[in-house]
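Tertiary structure, described
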Amino acid sequence: MSTYLQFAVIKLRNKMAYRFDYLLGILNTLLSFVVYWSIYKALYGGASEVDGVTFSMVTTNFIISLGLSSAFQKNEMFLQDKIKQGTIANELLKPVNFKLRMMFEDIGEGAFNVMFNFLPTVMIAAFFAELSAPSGVLNVLLCLVSVILGYIVLWQISFIVQSLSFWLFNVWGLVTIKNVFVNILAGAYIPMWFMPDWLRSLIRFTPFESIYGHL
């Protein structure tokens, strides 16, 4: 396992080499938060609660969603690029599990995004947005377990889509469609509690709920 952790560390260090990305990442995450915060601020119309859902709960949900989106980011063109470059055979011949190598490199990239993009954004947003405190240590631990399982589910879906590169010339379109389904049906953009009952019932039959559905 230490071998694969090294892949994550190397990916993290490579990302740290481009320091200008720090500021751009923080700016991008902060702008995303401000946009969604402003939209729901207008929808709430100054009210502090709608149907039992407080505005601070919605704000906290956005913060967590942004954090998970940062942690869940991955290089979804990795497999396609290796196939087009003709280096996939060499990659598969290396004495490591290719799939695990891909996963841990993505974990390294996600760690960079959380540390240098998301956490600074949270500290900035906390000054002008009201956030809800965790309801207990046990719930925090259960949430962390759920996040890990959600990451595995999302990564496996991404790997399946990337694997289509062996038969398709370009999977960019499929990756985009997959991301749209994940962001909407998994509750990354719209909290699950705001969705109609019939849609939530359908989502329960899909793997999407297990990605962000714990929020």
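Our subject in this report is the structure included herewith. The numbers attached to residues start from 1 for each chain and follow its sequence in the written order. A pLDDT threshold of at least 70 governs which residues receive local features in this predicted model, and a stricter bar of 80 or more applies before side-chain atom pairs are shown or counted, although totals over entire chains, interfaces and linings include all residues. Hydrogens and water molecules were not included; the side-chain quantities draw on all heavy atoms of the structure.

**Observations concerning the overall build of the protein**
- Runs of E in the DSSP output that reach at least two residues are strands. Runs of H or I that reach at least four are helices, and both are numbered from the N terminus. Each helix and strand counted, the protein has 10 helices and 2 strands in total.
- Going from the N terminus to the C terminus, the protein shows its helices and strands as α-α-β-β-α-α-α-α-α-α-α-α.
- The C-alpha radius of gyration of the protein comes to 19 Å, within 12% of the 17 Å expected for a compact globule of 215 residues.
- Dimensions of the protein, computed from C-alpha atoms along their principal axes, come out at roughly 60 × 40 × 35 Å.
- Across the 215 residues of the protein, 39% fall into the buried class.
- Taking as baseline every contact in the protein between residues at least 6 positions apart, the subset at least 24 positions apart corresponds to 76%. With the radius of gyration taken over C-alpha atoms, the globule rule is written as 2.2 Å times the number of residues to the power 0.38. When accessible area is computed with a 1.4 Å probe and restricted to protein chains, residues below 20% of their type maximum are described as buried, those above 50% as exposed, and intermediate ones as partly exposed. Contact criterion: two residues are considered in contact whenever any of their non-hydrogen atoms come within 4.5 Å of each other.

**Regarding the environment of M77**
- On the secondary structure map, M77 appears in the loop between α3 (55-71) and α4 (78-85).
- Exposure remark for M77: the relative accessible area of 18% places this residue in the buried category.
- Along the backbone, M77 and S165 are 88 residues apart, and their C-alpha atoms lie at a distance of 9.1 Å.
- Once you skip the residues sitting within four places of it in the chain, M77 turns out to touch Q162, V171, W172 and V175.

**Overview of the side chain of T60**
- By secondary structure assignment, the location of T60 is in helix α3.
- Excluding residues that lie within four positions of it along the chain, T60 makes contacts with L131 and S132.

**Let's talk about the nonpolar core**
- The biggest cluster of nonpolar side chains holds 24 residues, and the ones touching the most others in it are F72, V182, I211 and Y212.
- For this core, the elements supplying multiple residues, two or more each, are α4, α6 (98-125), α7 (137-163), α8 (172-185) and α10 (209-212).
- Looking at this core element by element, the count peaks at 6 residues for α7.
- Y212 has contacts with S65, L68, S69, F72, V182, A186, G187 and A188, leaving out every residue within four places of it along the chain. Residue types Ala, Val, Leu, Ile, Met, Phe, Trp, Tyr and Cys, when buried and joined through side-chain atoms within 4.5 Å, form a set referred to as a nonpolar core.

**Quick look at the packing of α6 against α7**
- Helix axes use the C-alpha atoms of the stretch in contact, all axes being lines fitted to C-alpha atoms, and the angles between their N-to-C directions lie in the range 0 to 180 degrees. Direction vectors running N to C along α6 and α7 enclose 120 degrees, while the axes themselves pass 12 Å from each other. Taken together, the axes of α6 and α7 lie oblique to each other. Crossing hand, α6 versus α7: right-handed. Contacts between α6 and α7 pair K99, M102, M103, D106 and I107 from the former with Y151, W155, Q156, F159 and Q162 from the latter.
- Under the convention adopted here, Pro, Cys and the residues Ala, Val, Leu, Ile, Met, Phe, Trp and Tyr are nonpolar, Asp, Glu, Lys and Arg are charged, and Gly plus all remaining residues are polar. Broken down by class, the residue content of the contact of α6 with α7 amounts to 6 nonpolar, 2 polar and 2 charged. Each angle receives one of four descriptions, namely roughly parallel if under 35 degrees, roughly antiparallel if over 145, roughly perpendicular if within 65 to 115, and oblique otherwise. Two helices that cross are described as forming a left-handed crossing if the nearer one is turned anticlockwise from the farther one by less than a right angle, and a right-handed crossing if clockwise.

**Quick word on a nonpolar patch on the surface**
- For patch detection, residues must exceed 30% relative accessible area and be free of salt bridges, and they are connected within 9 Å for like charges or within 5 Å for nonpolar side chains (Val, Leu, Ile, Met, Phe, Trp, Tyr). Accessibility throughout is a Shrake-Rupley quantity obtained with a 1.4 Å probe, and a residue counts as covered only by protein chains that appear here. Counted as salt bridges are all cases of a side-chain nitrogen of Lys or Arg within 4 Å of a carboxyl oxygen of Asp or Glu. Taken together, L164, F166, W167, L168, L174, I177 and F181 make up a surface patch of nonpolar side chains, about 710 Å² in accessible area.
- Topologically, L168 is positioned in the loop between α7 and α8.

**A short note on the pattern of salt bridges**
- Summed over all chains, the structure comprises 5 salt bridges.
- For K178, the salt bridge identified is with E76, shortest N-O distance 2.4 Å. Residue K178 is found in helix α8, and its partner E76 is found in the loop between α3 and α4; the two are separated by 102 residues along the sequence. One exposure class covers both K178 and E76, and it is buried.
- With a closest N to O distance of 3.4 Å, K94 and E91 form a salt bridge.
- E91 sits in the buried class, given a relative accessible area of 7%.
- Via salt bridges that share partners, K82, E91, K94, R101 and E105 belong to a single interconnected network.

**Digging into the packing of aromatic side chains**
- Under the pairing criterion, centres of Phe, Tyr and Trp rings, with the six-membered ring standing for Trp, must be within 6.5 Å; the plane angle then separates stacked pairs below 30 degrees from edge-to-face pairs above 60, leaving the rest tilted. Under the criterion given, the structure shown has 12 aromatic pairs.
- For the ring pair F72 and Y151, a centre distance of 5.4 Å and an interplane angle of 55 degrees mean the geometry is tilted. Pair noted here: F72 is in the loop between α3 and α4 and Y151 is in helix α7, with a separation of 79 residues, a long-range link. The pair formed by F72 and Y151 is uniform in burial state, with each residue classed as buried.
- Put simply, the rings of Y4, F7 and F104 pair up and form one aromatic cluster.

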